[in-house]
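Spelled out from the first residue to the last, the chains are:
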Amino acid sequence: MIKVSGGCHCGAVRFEAAVDASPEMLDCNCSACAGTGFLHLFASHEDFTLLKGGNDLISYKFGSRQADHLFCRHCGVKSFYQPRSHPDCWSINFHCLDEGHELAPRIRPFDGRNWEKAKAVLNATD
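Calculation notes
Residues numbered from 1 in each chain as written. Predicted model: local features only at pLDDT ≥ 70, side-chain atom pairs only at ≥ 80, totals over all residues. Heavy atoms only, no water. Helix = DSSP H or I, 4+ residues; strand = E, 2+ residues; numbered from the N terminus. Contact = heavy atoms within 4.5 Å. Polar contact = N/O pair within 3.5 Å; in protein donor to acceptor, adjacent residues only side chain to side chain. Pairing = 2+ DSSP bridges. Axes fitted to C-alpha atoms, helices over the stretch in contact; angles between N-to-C directions. Core = buried A, V, L, I, M, F, W, Y, C linked by side-chain atoms within 4.5 Å. Buried < 20%, exposed > 50% of the residue type's maximum accessible area, 1.4 Å probe, protein only. Salt bridge = Lys/Arg side-chain N within 4 Å of Asp/Glu carboxyl O.

Peer 1: Could you give an account of the environment of serine 5, naming the residues involved and the relevant values?
Peer 2: With respect to the element layout, serine 5 can be found in strand E1 (residues 2-7). Residues within four places of serine 5 in sequence aside, it is in contact with Arg14, Phe15, Glu16, Leu97 and Asp98. Of the polar contacts made by the side chain of serine 5, one reaches the side chain of aspartate 98; its length is 2.7 Å.

Peer 1: Kindly report on the sheet that holds E1, identifying the contributing residues and their values.
Peer 2: Sheet architecture is open: three strands sit in the order E1-E2-E5, paired in antiparallel fashion. Of all strands in the sheet, those bounded by a partner on one side alone are E1 and strand E5 (48-52). Averaged over all adjacent pairs, the angle separating strand axes in this sheet is 20°, with direction ignored. The pairing of E1 with strand E2 (residues 14-19) spans six bridges and is classified as antiparallel. Each bridged residue has a counterpart across the sheet, and for glycine 6 the counterpart in E2 is phenylalanine 15.

Peer 1: How would you summarise the nonpolar core if you had to cite specific residues and measurements?
Peer 2: The biggest cluster of nonpolar side chains holds 20 residues, and the ones touching the most others in it are Ala17, Val19, Leu41, Phe80, Ile92, Leu97 and Leu103. Counting residues per element, the ones that place at least two in this core are E2, strand E4 (40-44) and strand E7 (68-72). Take this core: its biggest share by element is three residues, from E2. Filtering out sequence-adjacent residues up to four positions away, isoleucine 92 remains in contact with Phe15, Ala17, Phe38, Leu39, His40, Leu41, Ala43, Phe48, Ser79, Phe80 and Leu97.

Peer 1: I'd love a proper account of the pattern of salt bridges, names of residues and values included.
Peer 2: What the rule picks out here adds up to five salt bridges. Notably, a salt bridge pairs glutamate 16 with lysine 3, separated by 3.7 Å at the nearest N-O pair. Here glutamate 16, found in strand E2, pairs with lysine 3, found in strand E1; they are 13 residues apart in sequence, far enough to count as distant. In this structure glutamate 16 comes out as partly exposed when scored by relative accessible area, which is 24%. Between arginine 84 and glutamate 116 there is a salt bridge, and its shortest N-O distance comes to 3.7 Å. You can see arginine 84 sitting in the loop between strand E8 (80-82) and strand E9 (89-93) and its partner glutamate 116 sitting in helix H2 (residues 115-125), a full 32 residues away along the chain. On the basis of relative accessibility, which here comes to 25%, the residue arginine 84 falls in the partly exposed class.

Printed below as a string of structure tokens:
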């Protein structure tokens, strides 16, 4: 495990997390992820700390309303959120990490346009 830190564009939201040094990350093609360039790095709730900006986050839910998409109310960046695919983890946008983290990720495609089928495949390989 290594510690990473990051946040939104304007700096109002900052976090740190302990994650695997060689994590498997998901590259989802759903409309929300593809449209924002979100690359999923998962951290358990216990290994994630919101350092500042809790009151600067705006929640957006759609579809099943199980995922809680959290955006900075100032700059609009979604640096992390609560995904429905991993209810015990936060999903951190890899692109929102501070430089110099030394992660060596493995990127796995996730067919979010066919979410139920993709989740079943994900569960079968975990």
